[in-house]
Amino acid sequence: MPAPVHLDPRLLRAFVTVAEELHFTRAAARLYVAQQALSRDVRRLERELGAELFVRSTRQVALTADGERLLPYARRALQAQDDLLAAAGQARALLVDLNSPGLSTGSLVLDRARRLAPELELMARYESGLTHAAAELLAGRLDASFGRVAGLAPALRTGLDHQPVRYEAMALVLAEDHPLAASPAVPLAALAGETVYAGAGNPRTPEWTDLAHRLFAGRDIEVAPPMPLAVGVEEFRRVVGRAGHPVLAVTGFPAMPGTVVRPLVEPVPLSPVSLVWRRGLAHPALTALRRAAALVAAEEGWLERPDGGWLPAADLAVMSGA
């Protein structure tokens with residue numbers, strides 16, 4: 001490839017995004033540009049380099065040998081540009097999904113990251129569940145999220161990286177007058193014959209419903225059927241209150257009027273939480289977020305599993321890197 005005098009970083013970013021997606025439509029969505037504009041940028045880069053970077057067909061896009069050779073250098077050039085902009089205080093905001101307002105894990109990590117890198121902008125988003133957030137990550141509309149990686153479909157997981165953050169103890173949200181509300185903790189055996197709401201039918205959170213099914217299997221506990229999708233705390237409380245079912249949650253679930261949160265025990269079921277981001281993403285604020293997650297997890301003992309803690313084997317394998 002002959003060396004051009006100057007390469008526009010926009011063209012390099014177009015090339016790297018298409019190389020990561022191997023799909024022009026998905027790459028265009030990540031970059032918030034029209035597919036035709038993205039194709040023009042890639043063609044222009046190929047002309048400037050005097051080399052074909054992709055083999056295109058109606059069914060697939062693949063890197064050529066020249067494209068494979070260029071890719072690591074292009075990534076390093078873009079990382080250098082991001083580092084330069086960060087040093088000048090111009091790095092774009094990192095969009096971080098915290099699932100729902102009031103949940104503590106993501107909020108504590110985000111707060112620490114902001115203190116570690118006050119010169120960078122990290123913006124909170126609330127996407128409700130990791131399945132929905134994962135699609136947004138792959139499309140480039142989000143940069144990071146938190147949740148149960150083992151519950152994602154394989155097609156989503158292949159484009160993502162993750163860092164284990166926490167084994168969060170699970171709990172029940174109960175109406176104040178529910179018979180189990182008087183106990184400081186609820187043994188799982190006490191739920192025999194109960195129907196528990198765990199988000200069934202919510203397209204944003206199937207990974208949570210799957211975890212509930214695994215936990216309740218063989219214990220005579222039913223997962224409540226789908227209910228109308230409620231947006232906001234008040235609507236959620238109203239809809240769940242009408243059904244009267246206990247709600248499967250985590251111990252850090254925010255309090256709602258007329259309810260109590262009780263930890264589950266015997267065994268202690270665990271909700272595995274990872275920090276998740278799009279594979280190949282390079283951003284100085286992501287580095288700060290990952291460092292913050294490791295620091296908070298170590299300080300709080302978040303990755304220490306309690307004796308007798310319950311966790312599906314698939315989740316244990318993902319969290320341990322197996």
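Residues numbered from 1 in each chain as written. Predicted model: local features only at pLDDT ≥ 70, side-chain atom pairs only at ≥ 80, totals over all residues. Heavy atoms only, no water.

Asks: I would appreciate a short explanation of the overall build of the chain in the present structure.
Replies: Tallying secondary structure elements over the chain gives 11 helices and 13 strands in all. The principal-axis extent of the C-alpha atoms belonging to the chain is close to 75 × 45 × 40 Å. Looking at the chain as a whole, 45% of its 322 residues are labelled buried. Put simply, of all contacts in the chain between residues at least 6 apart along the chain, 75% involve residues at least 24 apart. For the chain, the accessible area works out to roughly 15600 Å², and carbon and sulfur atoms hold 54% of it. The distance from the centre of the 34 positive side-chain charges to the centre of the 35 negative ones in the chain is 6 Å. (Helix = DSSP H or I, 4+ residues; strand = E, 2+ residues; numbered from the N terminus. Buried < 20%, exposed > 50% of the residue type's maximum accessible area, 1.4 Å probe, protein only. Contact = heavy atoms within 4.5 Å. Areas by Shrake-Rupley, 256 points an atom, 1.4 Å probe, with all protein chains shown as cover. Lys, Arg positive; Asp, Glu negative; His and termini not counted. Charge placed at Lys NZ, Arg CZ, Asp CG, Glu CD.)

Asks: Would you mind showing me how to read the packing of aromatic side chains here?
Replies: Between two aromatic rings, the relevant description is the distance of the centres plus the angle of the planes. Per the counting criterion, the structure on display carries 2 aromatic pairs. Look at Phe15 and Phe54: their rings are 5.6 Å apart centre to centre, the planes differ by 50°, and that puts the pair in the tilted class. Of the two residues, Phe15 sits in helix α1 (residues 9-21) while Phe54 sits in strand β1 (residues 54-56), which places them 39 residues apart along the sequence. Judged by its relative accessible area of 0%, Phe54 falls in the buried class. Ring centres of Phe24 and Phe54 lie 6.2 Å apart, and the angle between their planes is 70°; on these two criteria the pair is classed as edge-to-face. Here Phe24, found in helix α2 (residues 24-31), pairs with Phe54, found in strand β1; they are 30 residues apart in sequence, far enough to count as distant. Across this residue pair, the class does not change: Phe24 and Phe54 are buried. Ring pairing ties together the aromatic residues Phe15, Phe24 and Phe54, which thus form one cluster. Lying across the ring of Tyr167, Arg305 places its NZ or CZ 5.8 Å from the centre. (Phe/Tyr/Trp six-rings, centres within 6.5 Å; stacked < 30°, edge-to-face > 60°. Lys NZ or Arg CZ within 6 Å of the ring centre and 35° of its normal.)

Asks: Would you explain the pairing of strand β11 (residues 259-265) in this entry?
Replies: A regular strand places its side chains on the two faces of the sheet in alternate fashion. By the bridge criterion, 5 bridges tie strand β6 (residues 160-175) to β11 in an arrangement that is antiparallel. The residue of β11 that forms the bridge with Leu174 is Val260. Of the pairings in the sheet, the one linking strand β7 (residues 186-187) to β11 comprises 2 bridges and is parallel in character. Within β11, the residue paired with Pro187 across the bridge is Val265. (Pairing = 2+ DSSP bridges.)

Asks: Could you clarify how one ought to interpret the pattern of salt bridges in this entry?
Replies: Pairs may arise between side chains of opposite charge once their charged atoms sit close together. Taken as a whole and judged by the stated rule, the model has 17 salt bridges. Where Arg10 meets Asp41, a salt bridge forms, and the shortest distance between an N and an O atom there is 2.9 Å. You can see Arg10 sitting in helix α1 and its partner Asp41 sitting in helix α3 (residues 35-49), a full 31 residues away along the chain. Accessibility expressed as a relative area gives 14% for Asp41, which makes it buried. Because the salt bridges share partners, they merge into one network encompassing Arg148, Asp210, Arg214 and Asp315. (Salt bridge = Lys/Arg side-chain N within 4 Å of Asp/Glu carboxyl O.)

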